Amino acid sequence: MTKAIRTAALVGNPNAGKSALFNALTGARQKIANYPGVTVERKSGRMLLPSGEPVELIDLPGSYGLDATSPDEAVTRRVILGEMPGESRPDALVIVLDAGNLEQHLVFAQEVIALGRPTVVALNMVDLAERDGLVIDPAALQAALGVPVVPTVAVRRRGLEELSAAIAAAEEHAGEPADPRPHVNQSERRLTAHAIADGAILSETRRHRLHSRLDRVLLHPWLGPVILFALLFVVFQAVFAWATPFADGIEAGIGWLTDGARAIFPAGLPRDLLTDGILSGVGSVIVFLPQIIILFFFILVMEATGYMARAAFLMDRLMAGVGLSGRSFIPLLSSFACAIPGIMATRSITDPKDRLTTILIAPLMTCSARLPVYAVIIAAFIPARSVGGGIGLGFIGLQGLVLFGLYVIGTVGAMAVALVLRRSVTKGAASGFIMELPKYQLPTVKDLALGLFQRAWIFLRRAGTIIFTVTVVLWLLLNFPRAAPGEDQVDASIAGTLANGLAVVVEPIGFNRDIALALIPAMAAREVAVASLATTYAVSAGDDEQTALALGDQLKARWSLPTALAFLAWFVFAPQCLSTIAVARRETNGWKWPGFMLLYLFVLAYIAAGITYWGALALGL
Amino acid sequence: MRLDELPIGQKARIASVDWAVLVPEEGQRLRALGLDEGAKVSLAFRGIFAGRDPLAVEIGRMTIALRRVHAHAMTVEAL
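Each chain carries its own residue numbering, running from 1 in the written order of its sequence. Throughout, the order in which chains and ligands are written sets their labels, letters from A for the former and numbers from 1 for the latter. For this predicted model, a pLDDT threshold of at least 70 governs which residues receive local features, and a threshold of 80 or more governs which side-chain atom pairs are given and counted, while totals over whole chains, interfaces and linings are taken from all residues.

> Help me understand the overall build of chain B, please; the structure alone is not making it clear to me.
Put simply, DSSP H or I for four residues or longer makes a helix, DSSP E for two residues or longer makes a strand, and each gets a number counted from the N terminus. Across its full length, chain B holds 2 helices and 5 strands. The order of helices and strands in chain B, counted from the N terminus, is β-α-β-β-β-α-β. On the principal axes, the C-alpha backbone points of chain B span a range of 30 × 30 × 25 Å. Out of the 79 residues in chain B, the part that is buried amounts to 48%. Restricting the contact set of chain B to residue pairs at least 6 apart, pairs at least 24 apart contribute 61%. Burial is judged by counting other C-beta atoms within 10 Å of a residue's own C-beta: 20 or more means buried, 12 or fewer means exposed, and anything between counts as partly exposed, with every C-beta placed from the backbone. Here the contact rule is simple: place C-beta atoms from the backbone, and any two residues whose C-beta atoms are within 7 Å are in contact.

> Sorry if this is basic, but what is going on with the overall build of chain A here?
Scanning chain A for helices and strands turns up 28 helices and 10 strands. Expressed as a percentage of its 621 residues, the buried residues of chain A come to 46%. For chain A, long-range pairs separated by at least 24 residues make up 73% of all intrachain contacts whose partners lie at least 6 apart in sequence.

> Can you help me understand the interface of chain A and chain B in this one?
Quoted interface sizes are often the accessible area lost when the parts come together. With 28 residues of chain A in contact, the opposing surface of chain B contributes 30 residues. For the side of chain A that touches chain B, the secondary-structure elements that each account for two or more residues are helix 3 (102-113), helix 7 (186-200), helix 13 (307-321) and strand 10 (435-437) of chain A. It is helix 13 of chain A that contributes the most residues to the side of chain A that touches chain B, 5 residues altogether. When grouped by side-chain class, the residues that make up the side of chain A that touches chain B number 12 nonpolar, 10 polar and 6 charged. Two elements, strand 10 of chain A and strand 4 (residues 62-66) of chain B, share 3 bridges in a ladder whose sense is antiparallel. Bridge pairing in strand 4 of chain B links Leu437(A) to Thr63(B). Each residue gets one of three labels, nonpolar for Ala, Val, Leu, Ile, Met, Phe, Trp, Tyr, Cys and Pro, charged for Asp, Glu, Lys and Arg, and polar for the others, Gly among them. In this analysis, strands are considered paired if DSSP registers two or more bridges between them.

> What is the right way to read the sheet that holds strand 2 (residues 40-46) of chain B from this model?
Neighbouring strands of a sheet are bound in pairs by backbone hydrogen bonds; such pairs are parallel or else antiparallel. In spatial order, the strands read 10(A)-4(B)-3(B)-2(B)-1(B)-5(B); together these 6 strands make up an open sheet with antiparallel pairing. Each of the sheet's edge strands pairs with one partner strand only, and the pair in question is strand 10 of chain A together with strand 5 (74-78) of chain B. Pairwise comparison of adjacent strand axes, ignoring direction, gives a mean angle of 40 degrees for this sheet. Here strand 1 (residues 11-17) of chain B pairs with strand 5 of chain B via 5 bridges, running antiparallel. Bridge pairing in strand 5 of chain B links Ile14(B) to Val76(B). Comment: axis = line fitted to C-alpha atoms, over the contacting stretch for helices; angle = value between 0 and 180 degrees taken between N-to-C directions. Along the sheet face, helix 13 of chain A touches strand 10 of chain A together with strand 3 (55-59) and strand 4 of chain B and points at about 125 degrees away from the line of strand 10 of chain A.

> What is the right way to look at helix 17 (residues 370-381) of chain A in this model?
Since the α-helix packs 3.6 residues into each turn, any two residues three or four apart lie on the same face. Residue and element names in this part refer to chain A. Under the 1.5 Å per step criterion, the end-to-end length of helix 17 is 16 Å for 12 residues, consistent within 8% with the ideal 16 Å. Where burial is concerned, most of helix 17 is hidden: 10 out of the 12 residues are buried. Residues Arg-370, Leu-371, Pro-372, Val-373, Tyr-374, Ala-375, Val-376, Ile-377, Ile-378 and Phe-381 constitute the buried set of helix 17. Every helix has an expected span of 1.5 Å times one less than the residues it contains.

> Explain helix 2 (residues 71-80) of chain A here, please?
Residue and element names in this part refer to chain A. Restricting attention to buried positions, one finds in helix 2 the residues Glu-73, Val-75, Thr-76, Val-79 and Ile-80. Along the axis of helix 2, the buried positions cluster into a sector of 150 degrees, meaning they face one direction only. Its buried side turned inward, helix 2 meets strand 1 (7-12), strand 5 (92-98) and helix 3. Just beyond helix 2, the residue with positive phi is Gly-82, at close to 75 degrees. Directions drawn from the helix axis to the C-beta atoms are what define this arc.

> For this particular structure, what's the right way to read the pairing of strand 1 of chain A?
Strand residues, when the strand is regular, have side chains that alternate between the two faces of the sheet. Residue and element names in this part refer to chain A. Taking burial as the measure, the 6 residues of strand 1 include 5 buried ones, the bulk of the element. As paired strands, strand 1 and strand 4 (residues 54-59) are joined by 4 bridges and run parallel to one another. Of the residues in strand 4, the one forming a bridge with Leu-10 is Asp-59. Relative to strand 5, strand 1 runs parallel, the two being bridged by 5 bridges. Bridged to Ala-9 within strand 5 is Leu-93.

> So what exactly am I meant to see when it comes to the packing of helix 3 of chain A against helix 7 of chain A here?
Residue and element names in this part refer to chain A. The interhelical angle for the contact between helix 3 and helix 7, taken along N-to-C directions, is 120 degrees, at an axis separation of 8 Å. By the angle between their directions, the pair helix 3 and helix 7 is classed as oblique. Helix 3 and helix 7 meet at a crossing whose hand is right-handed. In contact with Leu-102, Glu-103, Leu-106, Val-107, Gln-110 and Glu-111 of helix 3, helix 7 contributes Arg-189, Arg-190, Thr-192, Ala-193, His-194, Ile-196, Ala-197 and Ala-200. These descriptions rest on fixed angle ranges, namely under 35 degrees for roughly parallel, over 145 for roughly antiparallel, 65 to 115 for roughly perpendicular, and the rest for oblique. It is the rotation of the near helix from the far one that decides the hand of a crossing: anticlockwise by less than a right angle makes it left-handed, clockwise makes it right-handed.

> Hey, could you run me through the nonpolar core in this one?
Looking at soluble globular proteins, one finds that nonpolar side chains tend to be buried together. All names here are of chain A. Counting 201 residues, the largest nonpolar core has Val-94, Val-120, Ala-122 and Ile-167 as its most contacted members. In terms of residue count, the dominant contributor to this core is helix 26 (residues 561-573) (10 residues). If sequence neighbours within four positions are ignored, Val-94 has contacts with Ala-8, Ala-9, Leu-10, Val-120, Ala-122 and Ile-167. Joining buried Ala, Val, Leu, Ile, Met, Phe, Trp, Tyr and Cys residues through C-beta atoms within 7 Å gives a set, and that set is a nonpolar core.

> Is there a simple way to think about the pairing of strand 6 (residues 119-124) of chain A in this case?
All names here are of chain A. Counting buried positions along strand 6 yields 6 of 6 residues, so the element is predominantly enclosed. Side chains Thr-119, Val-121 and Leu-123 project from strand 6 onto one buried face, and the interleaved Val-120, Ala-122 and Asn-124 project onto a second face that is buried too. Inspection of the sheet shows strand 5 paired to strand 6 by 6 bridges, in the parallel sense. Residue Leu-93 lies in a different strand from strand 6, and its bridge partner there is Thr-119. A crossover links strand 5 with its parallel partner strand 6, the connecting element being helix 3, and its sense is right-handed. Looking at chain direction, strand 6 and strand 8 (residues 149-151) are connected through 3 bridges and run parallel. Residue pairing for strand 8: Val-121 is matched across the bridge by Val-149. By convention, orient the strands away from the viewer: a clockwise path from the first strand over the helix to the second makes the crossover right-handed.

Honestly, that's just the spatial picture; any functional story needs more than this.
Below, the structure is given as structure tokens:
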């Protein structure tokens, strides 16, 4: 009786389609955590064998070999060899091969098979290989490798049942324990890989490769960058324009709930906590869910189609100009959604100085948490009219343009900071840029939906926990002690007293007491600033009629335009996100660099807001 | 001829690689991707900006992006 398979791990080269196969095998039953002690993401899920027995499937980071150079690849090696603390050695290994790139992928596969573990090979993306005119004989491959080979198309769910049957029977197919294995070096493995691939390829017609034709356009020396920037511009316009109806719907829903609560509960502090505190605070953040989903949609599509690597290629020269490489482009672009996955993505950068610089500038990329702040201020202060109508560009809105401008300032600021850092604190040899450009692929709706759902869930969980707590605490601080008759409640409260102290510091850059009040809880997360302003104005408004005024109208009535612009400039730079600081500490193993990051970003934010405020005043805005 | 001087689309074989001029980790990565002596390659794309850096090299059915400094360390003979 062979031992039952309880755990299995997917291994393979980067771009072999491992994640798509993982999604297809486990569906939505996924768990994302971290390996203890390191910051590499551990993705696991439950798949069912034909017998109905569950197996824990682990998706290991893509690797080119067992002699790893990056932290990601080290995790793969240690898990496969059973050297990972707290992680039992997987009962079976599933090697994922790109059928269209056998010669390359068989190098690592040989290394894994030589370990003598129960092993199954998934010959993935056979459909793409066929599209390229490549016909492969799985039986010949199986004979050459000595382990079962199952052709699969993860995105079309082809071959999945055969693969799980093969995993169930994997124990019988353990190779000869090859330990101590004869030393086989890389170039010998490469020669063998070449021979095996030649033997398994039945026919190879003249390559008509869709992706090289696409590359001819997308990597075109001058067309490529134009397309990239046009694409980025469309993304930012879409974030603002497409989200509006959904955001309006959510806003109406929250208004309906608030009215309902007012009708049901008697007037008093508990009711105020619900309406002014929780509903107006948390609600003002949830409104931005549609925009965040749209932004992540574009980022996920760019990743899944393979365009992201092309963007890195196009940007490499520019990044080299500030002492970074195209590899930094992917973490930085992810930081447009959120700096946390961005900073975690820097692990693929092998050069430590390069990586540190990328971590330090990642918070300057305009993350989705800034969107609520930007959106509320822009909607209140920037008129919704089109610019360029006279020259046939009437579809470009002024609001979208300002938003785009804020993104540009953040990005240019990040580049300038990188330039300075690479010549001072993170000085070192210029780093290289070596990366595979994966084949283009159509993303599947299911993978996209799953990715979007995971991102939306993380955002909502934050809204439900951090933002909820901070909003309630702020409401309490704003409402106690109670004001004497005739005294303003905000002035009398604990929060008001604290803010009055901070206001002295921020008054020179045009900030008022309410902003100072919003900045304190916004240290937890930037979008809390909006929730705080909403709560503050809801509390100080006093009677219901004024509370009903939307936050935007409240702001317009209370802030000057220079103040609003200075507020925007502040948020381009201010490091107001505890989670980012925490993740930077974890990734740099200490407080030194996160401390440095906090300091330089606050200084930049103060200067930028000051220049904006006084500049706007001088221009008579 | 060095790899970075190869005309776009011209097939070539890597005759020798001067590993000494490359950072060891980068050399290891290039070898892992198959860019080693004897490999058949062609240059597919060049960047637009100063120095026409980086380069995209086709090897087998893979396209690999690398910098000119890496390509310059590789001596190729046209096929």
